[in-house]
Amino acid sequence: MSLKEGYLLKTVEFFPPSSAHELVIDKGEGSYLYDIEGRRYIDFASGIAIAPVGHCHPRVVSAITEQTQKLISSLNFLWPKVKIDLAEKLMSILPKPLSNIFFCNSGTEAIEGAMKLARKAKPNRPNFIAFNGGFHGRTFGALSITSSKASYRADYFPLLPQTFFIDYPHKISTDEVLEQFEKLFETACPPSSVAGIFVESLLGEGGYIVPPADFLPKLRQLCDRWEILLVIDEIQSGIGRTGKWFAFEHYDIVPDILTFAKGIASGMPLGGFAASPELMKHLNAGSHGSTFGGNPIACASALATIKVIEQEALVERVAYTGQRIKDRLKGRFENYLDIRGQGFMIGIEPKTPDLSVKAILARAQIKGLIALSCGAHGQTLRLMPALNIPDEVLNEGLAILEQIFDYEILVAAECKRSKYQEAIDS
Ligand SMILES: Cc1ncc(COP(=O)(O)O)c(C=O)c1O
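Just so we're clear, the structure is a prediction, and the values are computed from it rather than from any experiment.

S.K.: Is there a simple way to think about the pairing of strand 2 (residues 32–35) in this case?
M.R.: It is a general feature of regular strands that their side chains alternate between the two faces of the sheet. By the alternation rule, side chains of strand 2 split into Y32 and Y34 and L33 and D35, which are all buried. The sheet contact formed by strand 1 (residues 25–29) and strand 2 spans four bridges and is antiparallel. Following the sheet pairing, G28 is matched in strand 2 by L33. Counted between consecutive antiparallel strands, the loop separating strand 1 from strand 2 contains two residues, among which G30 sits at a positive phi close to 60 degrees. With three bridges connecting them, strand 2 and strand 3 (residues 40–43) associate as antiparallel partners. For Y34, the partnering residue across the bridge sits in strand 3 and is R40. In textbook terms, the turn of a hairpin is the stretch between consecutive antiparallel strands, and for strand 2 and strand 3 this stretch comprises four residues, one of which, G38, has a positive phi near 85 degrees.

Given below as structure tokens:
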């Protein structure tokens, strides 16, 4: 039995089937991952957008190392200095009035906190609205407003009652979305009963869908009109990934509550939500808390990550290079693939059912490239390389993908041709 087979057997023994994977990784370095047999992979998934400056960036590693020698414990009844330093740094990248932050450990906790804040700030408004295809996490509150895959929710009912869903503007216009709101408000859920509307600025797990430019501004207006809090979930799309620090900045609006996690601390567990001081004052003593939230090591890692992104001008690089990647792929495959996204959050969806994302991903892995799918049926290939992936590694990974697309397109055409021939012959 090979080393790899031995480890995989142990994973079956030690972990539930919900966490089944095929690779056992020993080391990450920049945009490369190495499995336990020393095989090298180009990483176009970044651990689902959690490694914005690549794996084990030397400055992140040294910030973590230094912090371990000073203070490890979260001490949530005292103030770790680095937590305050991180909050101050975040102020420099967050638009006003988002100048108050609650730190937690993950995305789903950030959403739970945002839901609680919305309920505290809007008493007698028990309802939440979210979007079909949205993903906000796996704990009961966050799961209640998640609808990207039925399997995430199956067997966990009843979830939070009082949650309603509207279609995300994919293949429908913003005005059609607004009509759905109107209908919902007139029938099942009066606007005066809604505490918050939860939305991703770029639909992530639901299929990497960029909304029309008027969507978030009109949603902002709708929230203002009915005094509903607009909660924007940037857990996947934040921290520079779309070519802005946060994807909502593409639309010249500011949410009432912003949730973040994933990439902020280069893979250390850190999440949070930001709001104005006026709104956040509703979280009075005892109303919310976390033992580990804002752990000093995670904060040190986040501080170093943000500084690297800033000093290496990675947000600007991602905006420019992301567009170049889309242009390059569209130039060759537009007839077969829908190529979309912003920055380094790129979705590629076959336009024909003959092309299988699953097969493309399996072939990519064999060729040393790791990428992922998204969408309710895994119908979209998503690319989320590190924001600082070197040009030559990016090009090598794209060349692997292009070769696979060429091959799969050829095979699909050949299959079609021989089926057609069979039909003629019979
Ligand atoms: C948009 C969005 N919200 C929330 C979450 C949940 O984050 P976590 O897995 O850290 O709980 C995710 C995770 O993929 C996400 O993409």
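Now that the structure has been shown, the text picks up again.
S.K.: Looking at this structure, how should I read helix 3 (residues 58–68)?
M.R.: Side chains that are three or four residues apart share a direction in an α-helix, a result of its 3.6 residues per turn. Along helix 3, the positions that sit buried rather than exposed are V60, A63 and Q67. For helix 3, the buried positions fall inside an angular range of 65 degrees around the axis, keeping them on one side. The exposed set on the far side of helix 3, more than 90 degrees from its buried face, consists of P58 and E66. If you follow the buried residues of helix 3, they end up packed against helix 4 (81–93) and helix 11 (296–311).

S.K.: Could you clarify how one ought to interpret the site of the ligand in this entry?
M.R.: Every residue close to the ligand is listed here: S106, G107, T108, F135, H136, G137, E200, E205, D233, I235, Q236 and K262. Between an oxygen atom of the ligand and a side-chain N or O atom of Q236, the distance comes to 2.8 Å. K262 has a polar side-chain atom sitting 3.2 Å from an oxygen atom of the ligand. Split into classes, the residues belonging to the shell around the ligand amount to two nonpolar, six polar and four charged.

S.K.: Would you take a moment to explain the side chain of Q67 for this structure?
M.R.: Inspection of the secondary structure puts Q67 in helix 3. Exposure remark for Q67: the relative accessible area of 9% places this residue in the buried category.

S.K.: Help me understand the packing of aromatic side chains in this model?
M.R.: Using the criterion set out here, one finds 15 aromatic pairs in the structure. Taking the centre distance of 5.6 Å and the plane angle of 85 degrees together, the rings of F128 and F198 count as edge-to-face. Within this pair, whereas F128 is found in strand 5 (residues 127–132), its partner F198 is found in strand 7 (residues 194–200), the two being separated by 70 residues in sequence. Among the residues examined, F128 registers a relative accessible area of 2% and is labelled buried. On the numbers, 5.2 Å between centres and 75 degrees between planes, the contact of F333 with F405 is edge-to-face. Highlighted residues: F333 in helix 12 (residues 314–333) and F405 in helix 14 (residues 391–425), separated in sequence by 72 residues. Note on accessibility: F333 and F405 belong to one class, buried. A network of ring pairs unites the aromatic residues F131, Y168, F181, F185, F215 and W226 as a single cluster. Its guanidinium or amino end placed over the ring of Y34, K27 lies 5.0 Å from that ring's centre, counting from NZ or CZ. Positioned over the ring face of Y32 is R40, at 4.0 Å from the centre of the ring.

S.K.: Even after reading the chapter, I still don't get helix 12, so can you show me in this structure?
M.R.: Over its 20 residues, helix 12 runs 27 Å from end to end, which matches the ideal 28 Å to within 8%, given 1.5 Å per residue. Taken together, the buried positions of helix 12 are occupied by L314, V315, R317, V318, T321, G322, I325, K326, L329 and F333. Taken down its axis, helix 12 places every buried residue within 155 degrees of arc, on the same side. Away from the buried face of helix 12 by more than 90 degrees, exposed residues E316, Y320 and G331 are located. Taken together, the buried residues of helix 12 touch helix 11, strand 11 (337–342), strand 12 (345–350), strand 15 (380–383) and helix 14.

Criteria and thresholds
- Residues numbered from 1 in each chain as written.
- Predicted model: local features only at pLDDT ≥ 70, side-chain atom pairs only at ≥ 80, totals over all residues.
- Heavy atoms only, no water.
- Buried < 20%, exposed > 50% of the residue type's maximum accessible area, 1.4 Å probe, protein only.
- Helix = DSSP H or I, 4+ residues; strand = E, 2+ residues; numbered from the N terminus.
- Pairing = 2+ DSSP bridges.
- Arc of directions from axis to C-beta.
- Contact = heavy atoms within 4.5 Å.
- Near = heavy atom within 4 Å.
- Polar contact = N/O pair within 3.5 Å; in protein donor to acceptor, adjacent residues only side chain to side chain.
- Nonpolar A, V, L, I, M, F, W, Y, C, P; charged D, E, K, R; others polar.
- Phe/Tyr/Trp six-rings, centres within 6.5 Å; stacked < 30°, edge-to-face > 60°.
- Lys NZ or Arg CZ within 6 Å of the ring centre and 35° of its normal.
- Expected span 1.5 Å × (residues − 1).

Just geometry here; none of it tells us what the structure is for.
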